[in-house]
Amino acid sequence: MPPKAGTTEAAPAAPGSPTTIKPPRPPPTSPAGTALTAETAPNTPASTVLAAQTHDGFAHGDSEDDDNGRGSAIRVIVRCRPFLGFESGNKCVVDILPNDQIKIAPPQNTSLEASRYTFTFDATYPLESTQFQVFKRSIKPLVHACLEGYNATVLAYGQTGSGKTHTILGQTDQSDESVPPELDESQAGVIPRALRALFYALQKAKEASTETMKMDYNVNVQFLELYGEDIRDLLNPDPDRAKLSIRDGRAGVEPEVIGIRSVEVESASDALLCLTRGSLRRVTRATAMNAESSRSHAIMSVIIQQEVTNYIPNPKSTKPIEEKSSRSSKFHFVDLAGSERIKRTHATGQGVKEGININKGLLVLGNVISALASKSSNSKKESFVPYRDSKLTRLLKGSLGGNHKTLMIACLSPSGSNTEESLNTLRYANRAKNIQNK
């Protein structure tokens with residue numbers, strides 16, 4: 001299991017100093033001073049009680065749906081989108097099987113074993129799957145982990161037009177805030193739901209502060225895109241003006257982008273406003289396969305700082321002793337540009353250059369995944385991981401082989417016209433699930 005990203009507590013007493021026996025702390029209470037429990041707050045949602053009833057004062061998510069069956073391995077899920085209008089009449093080649101298996105019909109008659117076209121993942125979502133089903137089963141555990149102090153990453157991969165942006169973003173203005181994110185039947189995607197869940201838990205923990213224990217937090221967001229090998233700050237009104245660079249950290253520290261704008265947000269709505277403004281600045285282009293094809297890789301980062309202050313009675317003074325502890329974590333949301341074939345997108349001019357750069361970046365990412373998978377399967381063998389071959393892989397160093405809890409969402413088209421691309425996506429994802437993070 002990866003270590004928590006950043007948790008600090010008050011330093012222990014120095015050797016030889018007198019030992020102070022602390023009395024047991026009372027249960028967390030509401031702002032009015034009444035202990036908040038299921039009995040004292042019968043009309044309060046269970047998740048609210050859980051967020052408030054924390055012995056350490058920090059925010060905690062609902063771990064009911066947590067799935068750590070594969071330890072620190074990267075978890076991989078597959079989602080198959082519905083047929084698009086222009087694909088009507090095409091054969092469906094994707095078959096979702098029991099036990100999270102997926103089978104794809106081979107592109108032509110073959111003597112190869114059927115097992116070569118059957119894959120098993122952490123979760124599979126069929127054509128009729130909904131946004132809230134994906135969130136409840138696969139994203140909610142990551143929200144819980146991030147609140148616990150772990151770094152987390154959601155990474156969407158697939159060919160152009162396979163539904164990546166819909167899954168990650170969806171319709172950001174359609175969220176139904178009257179119900180929990182896992183029950184919201186709107187078309188809001190992973191990011192809007194995760195932001196709502198994070199702020200809900202943080203705010204409830206803050207509201208549960210008492211006179212003897214106070215919790216506070218701050219949240220900042222960053223949003224960038226990699227267009228070719230150029231880093232563009234999507235929260236900068238003029239993203240082309242600033243020339244951003246990557247600085248590699250020391251051992252155990254992730255690379256960071258120098259000069260990127262970090263915006264403090266006080267609510268999920270504020271964060272979504274940043275997301276919407278940044279999305280409008282992304283480079284998109286219409287192709288024969290996608291009317292709004294993303295021409296860049298985008299990474300939105302949510303940085304969370306939590307601080308809890310315990311006030312302990314001081315026998316020598318009327319001023320209580322302050323014992324502070326803090327917890328820091330971050331959540332990366334990665335929307336990769338789709339792999340594509342020039343002859344199918346009918347791209348010309350700048351569109352051809354963009355397609356070549358996209359495929360080049362995804363090739364390097366594939367090489368990193370292969371190297372990490374090989375390293376995980378044979379821990380005694382020293383293998384070189386080519387992180388520095390692209391800016392994308394440098395920025396994802398913590399997510400792939402680092403200390404993040406990482407989920408890859410492999411998006412597929414069900415159409416027989418995309419069989420080769422869908423099969424390649426599944427093979428790509430199958431390699432990724434063998435990676436063991438720290």
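Presented here is an overview of the structure given in this document. Computed from a predicted model, the values in this text were never measured in an experiment.

Calculation criteria
The residue count restarts for each chain, going from 1 along the sequence in the order it is written. Confidence filtering applies because this is a predicted model: local features only for residues at pLDDT of at least 70, side-chain atom pairs given and counted only at 80 or more, and all residues used for totals across whole chains, interfaces and linings. Think of the side-chain values as coming from all heavy atoms in the structure, minus any hydrogens and water. We count a stretch as a helix when DSSP gives it H or I for four or more residues in a row; a strand needs E for two or more, and each element gets its number in order from the N terminus. Residue exposure (1.4 Å probe, protein chains only): buried if accessible area is under 20% of the type maximum, exposed if over 50%, otherwise partly exposed. Contacts are assigned to residue pairs with any non-hydrogen atoms lying within 4.5 Å of each other. For the accessible areas, the method is Shrake-Rupley and the probe is 1.4 Å, while residue cover comes only from the protein chains on display. When the sulfur atoms of two cysteines come within 2.5 Å, that pair is taken as a disulfide. A side-chain nitrogen of Lys or Arg and a carboxyl oxygen of Asp or Glu constitute a salt bridge if their distance falls within 4 Å.

### Topic: the overall build of the protein
Then, number 1: Of regular secondary structure, the protein possesses 9 helices and 17 strands.
Then, number 2: Burial statistics for the protein: of 438 residues in total, 50% are counted as buried.
Then, number 3: Long-range pairs, those at least 24 residues apart, make up 71% of the contacts in the protein between residues at least 6 apart in sequence.
Then, number 4: Accessible area of the protein: about 21,200 Å², with a carbon and sulfur share of 51%.

### Remarks on the state of the cysteines
Then, number 1: For the structure on display, the rule yields 0 disulfides.
Then, number 2: In this structure Cys411 is not part of a disulfide, and its nearest cysteine sulfur, from Cys80, lies 9.6 Å away.

### Remarks on the pattern of salt bridges
Then, number 1: One pass over the structure, following the stated rule, counts 12 salt bridges.
Then, number 2: Glu182 serves as the salt-bridge partner of Lys140, at 3.2 Å between the closest nitrogen and oxygen. In this pair, Lys140 is assigned in helix α2 (residues 131–147) and Glu182 in the loop between α3 (164–168) and α4 (190–207), connecting sequence segments 42 residues apart.
Then, number 3: Looking at Glu182, the relative accessible area reads 15%, which means it is buried.
Then, number 4: Between Lys204 and Glu207 there is a salt bridge, with its nearest N and O atoms 3.3 Å apart. Placement of the pair is Lys204 and Glu207 together in helix α4, with a separation of 3 residues, close to one helical turn.
Then, number 5: Assessed through its relative accessible area of 23%, Lys204 is described here as partly exposed.
Then, number 6: Owing to a relative accessible area of 34%, Glu207 belongs among the partly exposed residues under this scheme.
Then, number 7: Members of the salt-bridge network, linked through shared partners, are Asp248, Arg388 and Arg394.

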